[in-house]
Amino acid sequence: MRIGQRLSLVSQRTLLCKRLTLLCIGLLMSIVVAIPKGQAQQAADATEKEIERYRAMLSDPFANPAFLNVDRGEKLWTTPRGTKNVSLQGCDLGEGPGKVDGAYAKLPRYFTDADRVMDLEQRLLWCMETVQAVDMKDVIKRRFSGPGVISDMEDLVAYVANKSSGMKFAASLAHPKEQEMHAVGEAMFYRRSAVMDFSCATCHSDDGKRIRLQGLPNLSKSGKNAQETMGSWPTYRVSQSQMRTMQHRLWDCYRQMRMPAPDYASDGITALTIFLTKQAEGGDILVPSIKR
């Protein structure tokens, strides 16, 4: 079943996802108002379990709209484009030209030809520019999807990442530049800045934290929280009706912290990503997932 057949099923299930999400939020709000304050945490935990059950019900690929992105990404990978009129099958993501199976699980990583440590989106941009000679202004302009805007980058990330689904994170720190990038990412995670004096660690360095209805995973230590968090991106955001990548997630975190927006596919975002990926080392990759 390809794009045309999936679209009908997905459009119906997307509407159901939105309705169920609104229902869950409404139920939680009514519960919190009705019970004593001391029991609010218990009610919130119970609601989170129900949300997880709801996500499990949507685990079938035909219920997740992000698999449309996977299909489009596969077509983009094999379609000749740019002034060189070649496909991305000449792109080396670390496993050899054209090989995508397992590549995402080992990213970010150092690439000799670019002499840089790159995450998936940086590497794809590099290949589109050097291998295909694609118009990069248009690609970057559509880096994040929105109403009436389809993002080539989100589609390609969905396709490549899905080829590592079921595998485990295994990013390397063997090269000195990988080690340097990891150290920079760790420093950025804890660095407080901007008008709110926030850092990533402000929200993600304690167990059991939440903001409104959303649990905040502790990413300051390796293990389960980091593995489940990193292993679920890219994801389909029901509340936004779009698939989102880790680049978008980190960009949005900086926005919410009232910090200057990071440049797309910047080395700073790659540094944070390699730090978080190492925190999630050994965790399962199950993507694209589906979130609120």
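Positions within a chain are numbered from 1, following the residues in the order the chain's sequence is written. pLDDT decides what is reported in this predicted model: residues at 70 or higher carry local features, side-chain atom pairs at 80 or more are listed and counted, and totals for whole chains, interfaces and linings draw on all residues regardless. Working from all heavy atoms in the structure, the side-chain values ignore hydrogens and water.

What the chain contains, in helices and strands, is 11 helices and 7 strands. We call a residue buried when its accessible area falls under 20% of the maximum for its residue type, exposed when it is over 50%, and partly exposed in between, using a 1.4 Å probe and counting protein chains only. A burial count over the chain gives 45% of its 292 residues as buried. Contacts were defined at the residue level, with two residues in contact if any of their heavy atoms lie within 4.5 Å. Long-range pairs, those at least 24 residues apart, make up 67% of the contacts in the chain with a sequence separation of at least 6. Comment: elements are numbered from the N terminus, with helices defined as DSSP H or I runs of at least four residues and strands as E runs of at least two.

Attention now goes to helix α10 (residues 246–256). Among the residues of α10, those classed as buried are Met 246, Gln 247, His 248, Arg 249, Leu 250, Asp 252 and Tyr 254. Buried residues in α10 make contact with α4 (120–132), α7 (176–190), α9 (224–230), β5 (235–237), β6 (242–244) and α11 (267–279).

With that settled, consider the nonpolar core. Only buried residues count toward a nonpolar core, which is a set of Ala, Val, Leu, Ile, Met, Phe, Trp, Tyr and Cys residues joined through side-chain atoms within 4.5 Å. Trp 77, Leu 93, Leu 120, Leu 124, Met 128 and Phe 189 are the most contacted members of the largest nonpolar core, which totals 59 residues. Broken down by secondary-structure element, the contributors of at least two residues to this core are α3 (66–78), α4, α5 (136–141), α6 (152–162), α8 (200–204), α9, α10 and α11. Here this core gets 7 residues from one element, more than from any other, and that element is α6. Apart from residues lying up to four places away in sequence, Phe 189 is in contact with Ser 199, Cys 200, Ala 201, His 204, Leu 219, Ser 220, Leu 272, Phe 275 and Leu 276. Of all hydrophobic cores here, the second largest spans 5 residues; its members include Tyr 110, Val 117, Met 181 and Ala 271.

Now for the side chain of Arg 237. Inspection of the secondary structure assignment puts Arg 237 in strand β5. For the buried Arg 237, which has no salt bridge, the nearest side chain bearing the opposite charge is Asp 252, at an N-O separation of 5.5 Å. Between N or O atoms, a polar contact is any pair within 3.5 Å; within protein, one atom must be a potential hydrogen donor and the other a potential acceptor, and residues adjacent in sequence are included only when both atoms are from side chains. Side-chain polar atoms of Arg 237 contact the backbone oxygen of Arg 292, separated by 3.1 Å. Apart from residues lying up to four places away in sequence, Arg 237 is in contact with Gln 242, Arg 244, Arg 249, Lys 291 and Arg 292. His is not counted here, nor are the chain ends, while Lys and Arg score as positive and Asp and Glu score as negative. Any carboxyl oxygen of Asp or Glu that lies within 4 Å of a side-chain nitrogen of Lys or Arg is treated as forming a salt bridge with it.

The next subject is the environment of Cys 203. Along the chain, Cys 203 turns up in helix α8. Residue Cys 203 is classed as partly exposed on the basis of its relative accessible area of 25%. Setting aside residues no more than four positions away along its own chain, Cys 203 makes contact with Lys 209, Leu 216 and Pro 217.

Next up on the list: the sheet that holds strand β7 (residues 289–291). The pairing criterion is simple: DSSP has to find at least two bridges between the two strands. Read from one edge of the open sheet, 3 strands run β6-β5-β7, paired in mixed fashion. Each edge of the open sheet is held by one strand with a lone partner, namely β6 and β7. Direction aside, the axes of adjacent strands within the sheet are offset by 35 degrees on average. Relative to β7, β5 runs parallel, the two being bridged by 3 bridges. In the sheet register, Thr 235 faces β7, and the bridge partner there is Ser 289. As a rule, the C-alpha atoms of each element are fitted with a line to give its axis, helices using only the stretch in contact, and angles between N-to-C directions run from 0 to 180 degrees.

With that settled, consider the pattern of salt bridges. A full pass over the atoms with the stated rule returns 18 salt bridges. For Arg 81, the salt bridge is made with Asp 152, and the minimal N-O distance between the two is 3.0 Å. One end of the pair, Arg 81, is in the loop between α3 and β1 (109–111); the other, Asp 152, is in helix α6, and 71 residues separate them in sequence. Taken as a pair, Arg 81 and Asp 152 share a single burial class, namely buried. Here Glu 95 makes a salt bridge to Arg 109, at a shortest N to O gap of 3.1 Å. Here the residue Glu 95 occupies a position in the loop between α3 and β1, and Arg 109 occupies one in strand β1, the gap between them amounting to 14 residues. The class of Glu 95 is partly exposed, set by a relative accessible area of 26%.

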